[in-house]
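# Topology and contacts: notes
Spelled out, the chains give:
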Amino acid sequence: GRPLLPFRYQHLGEMLALGPGEGAVAFPQLPEPLGDALGTLLDGWAAGVLRKAAYVYRQPTNGQRLRVLEAWARRPELWLPPGVSSGSARL
């Protein structure tokens, strides 16, 4: 095979799912003045989308990223905001 790439840790914050389509994100500490202006916590549907984007980003290959996105496209109830009908968002 091909040579391994050197390990490089990227701290993307702390993220967790809070049910279908929602989540909570605690961002890494941002330098001033951004830290005060932006805050460090996000929750709800936007945090759920950000958590899923980080999950896709952290996949090791583009093929794996594509498989994850295809699986999510088949199950819109996993990423639609609560109360939105999945019948209107079929891909």
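Above this text sits the structure in question.
Residues numbered from 1 in each chain as written. Predicted model: local features only at pLDDT ≥ 70, side-chain atom pairs only at ≥ 80, totals over all residues. Heavy atoms only, no water.

## A short note on the sheet that holds strand β1 (residues 14-17)
- Overall, antiparallel pairing links the 3 strands, which are arranged β1-β2-β3 in an open sheet. Of all strands in the sheet, those with a lone pairing partner are β1 and β3 (41-44), marking the two edges. Neighbour-to-neighbour, the strand axes of the sheet open up by a mean angle of 5°, direction not taken into account.
- Bridge count for strand β2 (residues 23-26) against β3 is 4 bridges, and the pairing is antiparallel. Directly across from valine 25, in β3, lies its bridge partner leucine 42.
- Along the sheet, helix α2 (residues 45-57) contacts β1, β2 and β3; its crossing angle with β3, the most-contacted strand, is approximately 105°. (Pairing = 2+ DSSP bridges. Helix = DSSP H or I, 4+ residues; strand = E, 2+ residues; numbered from the N terminus. Axes fitted to C-alpha atoms, helices over the stretch in contact; angles between N-to-C directions. Contact = heavy atoms within 4.5 Å.)

## Focus: the environment of arginine 67
- If you trace the backbone, arginine 67 turns up in helix α3 (residues 62-74).
- As for arginine 67 and valine 56, which are separated by 11 residues in sequence, their C-alpha atoms are 9.6 Å apart.

## Description of the packing of aromatic side chains
- Enumeration over the complete set of coordinates arrives at 1 aromatic pair.
- Between tyrosine 55 and tryptophan 72 the ring centres are 5.9 Å apart and the planes differ by 40°, which places this aromatic pair in the tilted class. You can see tyrosine 55 sitting in helix α2 and its partner tryptophan 72 sitting in helix α3, a full 17 residues away along the chain.
- Under the relative-accessibility criterion, tyrosine 55 is labelled partly exposed at 41%.
- Taking relative accessible area as the criterion, tryptophan 72 reaches 17% and is therefore assigned buried.
- The ring centre of tryptophan 72 lies 4.7 Å from the NZ or CZ of lysine 52, which sits over that ring. (Phe/Tyr/Trp six-rings, centres within 6.5 Å; stacked < 30°, edge-to-face > 60°. Buried < 20%, exposed > 50% of the residue type's maximum accessible area, 1.4 Å probe, protein only. Lys NZ or Arg CZ within 6 Å of the ring centre and 35° of its normal.)

Function-wise, these values are silent; they only describe arrangement.
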